[in-house]
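The residues making up each chain are set out below.
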Amino acid sequence: MSKNFYITTPIYYPSGKLHIGHSYTTVAADTSARYKRMQGYDVMFLTGTDEHGQKIEDKAKEKGVTPKEYVDEIVAGIKELWSLLNISYDKFIRTTDDYHVDAVKKIFKKLYESGDIYKGKYEGLYCTPCESFWTESQLVDGKCPDCGREVKPASEEAYFFKLSKYADRLVEYYEAHPEFIQPVSRKNEMINNFIKPGLEDLCVSRTSFTWGVPVDFDPGHIVYVWVDALSNYITAMGYGSEDDSNYQKFWPADIHLVGKEIVRFHTIIWPAMLMALDLPLPKKVYGHGWLLLEGGKMSKSKGNVVAPEVLCERYGVDAIRYYLLREIPFGSDGVFTNEALINRINSDLANDLGNLVARSTAMVNKYFGGSIPKERTATEFDDTIIQLAEGTKQKVEQYLDNLEYSSALTELFKLVSRTNKYIDETAPWTLAKNEADKDKLADVMYVLIEAIRIIAVLLSPFMPATSEAILKQIGACEHCSKWESAAKWGLISGENVTTAAPLFPRIDLEKELAELEAANKPAEALQEKAENIAFLDEISIDEFAKVDLRVAKIKACEPVKKAKKLLKLTLDDGSGKDRIVASGIAQYYTPDQLIGKNIIVVANLKPAVLCGVESCGMILAADTADGVKVIFPEGIPAGAKIR
Ligand code: ME8
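About the thresholds
Residues numbered from 1 in each chain as written. Predicted model: local features only at pLDDT ≥ 70, side-chain atom pairs only at ≥ 80, totals over all residues. Heavy atoms only, no water. Pairing = 2+ DSSP bridges. Helix = DSSP H or I, 4+ residues; strand = E, 2+ residues; numbered from the N terminus. Near = heavy atom within 4 Å. Polar contact = N/O pair within 3.5 Å; in protein donor to acceptor, adjacent residues only side chain to side chain. Areas by Shrake-Rupley, 256 points an atom, 1.4 Å probe, with all protein chains shown as cover. Nonpolar A, V, L, I, M, F, W, Y, C, P; charged D, E, K, R; others polar. Phe/Tyr/Trp six-rings, centres within 6.5 Å; stacked < 30°, edge-to-face > 60°. Buried < 20%, exposed > 50% of the residue type's maximum accessible area, 1.4 Å probe, protein only. Lys NZ or Arg CZ within 6 Å of the ring centre and 35° of its normal. Contact = heavy atoms within 4.5 Å. Axes fitted to C-alpha atoms, helices over the stretch in contact; angles between N-to-C directions. pLDDT = per-residue confidence, 0-100. Arc of directions from axis to C-beta. Core = buried A, V, L, I, M, F, W, Y, C linked by side-chain atoms within 4.5 Å. Parallel < 35°, antiparallel > 145°, perpendicular 65-115°, else oblique. Expected span 1.5 Å × (residues − 1). Salt bridge = Lys/Arg side-chain N within 4 Å of Asp/Glu carboxyl O.

Caption draft 1: Local environment of the pairing of strand β6 (residues 152-161). As paired elements, strand β4 (residues 117-127) and β6 share 10 bridges and run antiparallel to each other. Across the sheet, G120 pairs through a bridge with A158, a residue of β6. Alignment of β6 against strand β8 (residues 202-203), held across 2 bridges, turns out to be antiparallel. Counted as the bridge partner of F161 is L202 from β8.

Right, here's the structure in full:
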């Protein structure tokens, strides 16, 4: 019988670009998912986006688009980020997916019918212009915290979930299942800070905005966003749909990985909802710590974010994955600094791991023409390293089973350091001078490559691309690259190593810090530029009239071979004939995001051939802090003249 493993990340709010803090949860979950797959589990790794709520509705309004249009664009960016970071999710749920919306309606109705949800009155202090309820403690100087105006007592009809009813059962459950809330300190926090002071029933419907799952038996009410969001863990598996086979197979989840500020939702509201639905509870909720910047928690609203794309571009994805998992023990908070990142890359990845692989393969190339020798005589240094190598897998597994990623990597890098030390102990360059030591030299090469193989296999869940590159470089066969092979010494036989570029080039700390600072501050840079805007020389209206700007619709779009930056667009410009334009926006848009959209084209620009594509015109776009943004004039027919 196959063993199943179901792990989830929170579903992210698509209210802006994700930062390195969000990547933290997802990289950790990915590592566990890869590890379990390698162990032979049938893995379900779920992530997704939490797309409803007033905040999204407001942001969309600000931008003049529908909420769905607004989230679609951001969700596409989130998926790109996960693909950049090599996140191997099995399912991506969007709370705007039809099947989810239908299932949430059913869940809400079921809870209403069982009496766990009832209609009551929401009472509070109401700010009429903002259409918002506030509690006394939220007011600022007795006034609305948003607009500063008077508030007055008011009440409105709303649905409530009988959370209070579940307080005792929750505590009993925590006590009977000590592994349910991890790390343990968070369990006490839940009991002392939330349950003991008394759980109140939870208001689970809203009427002040519309962007959400409607309560289908009471128009005007929409489901509270957390009830909608938490349900994703079962709706994504088909609960409440015709095909619930994945639900049957994977629920209850093995691990919900969440940041510490949302442990409360996952260990109080969510289990109470499941109890009310008479469903099993997840086996574990792990609340990890925050990645802080020196100014506090990284957050979009504070503007102190670090863009993962910038970091990946500069150092490679695996260096970032390594840093996130290694630097901070998972349950604790930790401060992200560029300096710590670069130091980690230099010391652990360039000096230790990269050097070990480069030196060892270079020696096999130099002394044995690249082929790993068969005739060997053991040296007195072999036993320690063989023992350590064979025992490392078990230790790494113990730590990974407890989500102690940092300790798992520390253990693995002990083997890296020990293997480097073995080179110094055996001094192969001295052995090479003496023909009589040839078999010893052969043995040293074998031990090195075999230790590297084990290191690379164990590295795979953390740094998949690096692991693959190393295994390829030492010519490891499929069998020698499997997880279980990491505890077996002596599998390599007669393979050939190849030369490759250094895995992690050393970084000049000072120079890099300065450049990184600049790269992470595009918004500031742009603002500085704005203060010195140099407008072009004046032109007359007649000169402007020479530019023929037209609205056109993108009918088709594809990348241009050998040109990373170009997309080839086929436009309907109203003339009845297709117009081809090459545009340097491939870094910012995928073809899917463009097809069907209207754009503005300079229609009378002299044609030019760009990377083999004859481009007839140019489309209008703006430079912004977030990169290039194409201008999309919606609702205007193709061919319309812009003046
Ligand atoms: O909370 N360090 O979404 P979200 C570590 N939609 N983790 C961080 C972080 C940081 N600096 N910043 C954010 C939500 N995170 C809800 C979840 S689940 C049913 C609904 C983590 O996009 C944060 O702790 O605000 C959380 O676990 C995750 O990113 C999503 O945050």
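There is more to say after this.
Caption draft 2: Structural view of the site of the ligand. The environment of the ligand is formed by 26 residues, the closest being I11, D50, G259, E261 and L291. Here a nitrogen atom of the ligand and a backbone polar atom of I11 are 2.8 Å apart. Contact with the protein chains removes 95% of the 670 Å² of surface that the ligand exposes when unbound. At the level of elements, β1 (4-12), α1 (20-38), α7 (225-230), α8 (232-235) and β11 (255-259) are the ones that each hand at least two residues to the shell around the ligand. It is α1 that provides the largest number of residues to the shell around the ligand, a total of 4 residues. Broken down by class, the residue content of the shell around the ligand amounts to 14 nonpolar, 9 polar and 3 charged.

Caption draft 3: Inspection of the packing of aromatic side chains at higher detail. A complete count under the given rule lists 26 aromatic pairs for this structure. Measuring from centroid to centroid gives 6.1 Å for F161 and Y166, while their planes differ by 10 degrees, and the two rings are stacked. By relative accessible area, which is 2% here, F161 ends up buried. Residues Y233 and W270 carry aromatic rings whose centres are separated by 6.0 Å and whose planes lie at 55 degrees to one another, so their mutual orientation is tilted. You can see Y233 sitting in helix α8 and its partner W270 sitting in helix α10 (residues 263-277), a full 37 residues away along the chain. Pair check on accessibility: Y233 and W270 agree, each one buried. Among the aromatic residues, those joined into a ring-pair cluster are Y6, Y233, Y239, Y247, F250, W251 and W270. Across from the ring centre of Y41, 4.4 Å away, lies the NZ or CZ of K3, which sits over that ring. When the ring centre of Y446 is taken as origin, the NZ or CZ atom of R376, which lies over that ring, is 3.6 Å away.

Caption draft 4: Quick peek at the sheet that holds strand β12 (residues 285-288). The parallel open sheet is built from 6 strands, whose spatial order is β3-β2-β1-β11-β12-β7. Looking at the sheet topology across the chains shown, the edges are occupied by β3 (91-94) and β7 (181-182). Across 7 bridges, β1 lies against strand β2 (residues 42-49) in parallel orientation. Looking across to β2, one finds that Y12 is bridged to T49. Of the strands in this sheet, β1, β2, β11 and β12 touch α1, which is tilted by about 170 degrees from β1.

Caption draft 5: The arrangement of the confidence of the model for the protein chain in detail. With 95% of its residues at a pLDDT of 70 or more, the protein chain has an overall mean of 91. Across residues 523-532, where pLDDT falls below 50, the model places 4 contacts with residues more than four positions away in sequence or in other chains.

Caption draft 6: Region of the structure containing the environment of E512. Here E512 shows up in helix α19 (residues 509-519). Sequence separation of E512 and R314 is 198 residues, and the distance between their C-alpha atoms is 9.5 Å. Residues contacting E512, with those up to four places away along its chain left out, are R314, Y315, I342 and I507.

Caption draft 7: Expanded view of helix α2 (residues 54-63). Where α2 is concerned, the buried positions are I56, E57 and A60. Down the axis of α2, the buried side of the element spans an arc of 100 degrees, and every buried residue falls inside it. The exposed set on the far side of α2, more than 90 degrees from its buried face, consists of K61 and E62. Positive backbone phi, at 75 degrees, marks G64, one or two positions downstream of α2.

Caption draft 8: Quick look at the nonpolar core. Within the largest apolar cluster, 106 residues are counted, with the highest numbers of intra-cluster contacts made by W82, L257, L311, Y315, L353 and F413. Here the element with the most residues in this core is helix α17 (residues 438-459); it accounts for 16 residues. Ignoring sequence-local partners within four residues, the contact set of L353 consists of D348, F413, V416, I455, L459, T466, I470 and F504. Counting 61 residues, the second largest nonpolar core, distinct from the first, contains L46, F180, M273 and M275.

Caption draft 9: Region of the structure containing the sheet that holds strand β5 (residues 132-134). Overall, antiparallel pairing links the 4 strands, which are arranged β5-β4-β6-β8 in an open sheet. What marks the edges here is a single partner per strand, and that holds for β5 and β8. For β4 and β5, the ladder comprises 3 bridges, and the chain directions are antiparallel. Considered in β5, the bridge of L125 is made with W134.

Caption draft 10: Just the packing of helix α5 (residues 167-176) against α10, in detail. The geometry of α5 relative to α10 is characterised by a closest axis approach of 10 Å and an angle of 105 degrees between their N-to-C directions. By the criterion of interaxial angle, the relationship of α5 to α10 is roughly perpendicular. In this structure, α5 contributes R169, L170, Y173 and Y174 to the contact, and α10 contributes T267, I268, P271, A272 and M275. Among the residues forming the contact of α5 with α10, the class breakdown is 7 nonpolar, 1 polar and 1 charged.

Caption draft 11: Region of the structure containing helix α15 (residues 405-426). The terminal C-alpha atoms of α15 lie 32 Å apart, and with 22 residues this matches the ideal 32 Å at 1.5 Å per residue to within 8%. In the segment just after α15, A427 is the residue with positive phi, at about 40 degrees.

Caption draft 12: Spotlight on the pattern of salt bridges. A full pass over the atoms with the stated rule returns 29 salt bridges. The partner of E397 in a salt bridge is K393, with the nearest N and O atoms 3.3 Å apart. Of this pair, E397 and K393 both sit in helix α14 (residues 382-401), separated by 4 residues, roughly a single helical turn. Just as E397 is buried, K393 falls in that class too. Because the salt bridges share partners, they merge into one network encompassing E51, K68, D72 and R94.

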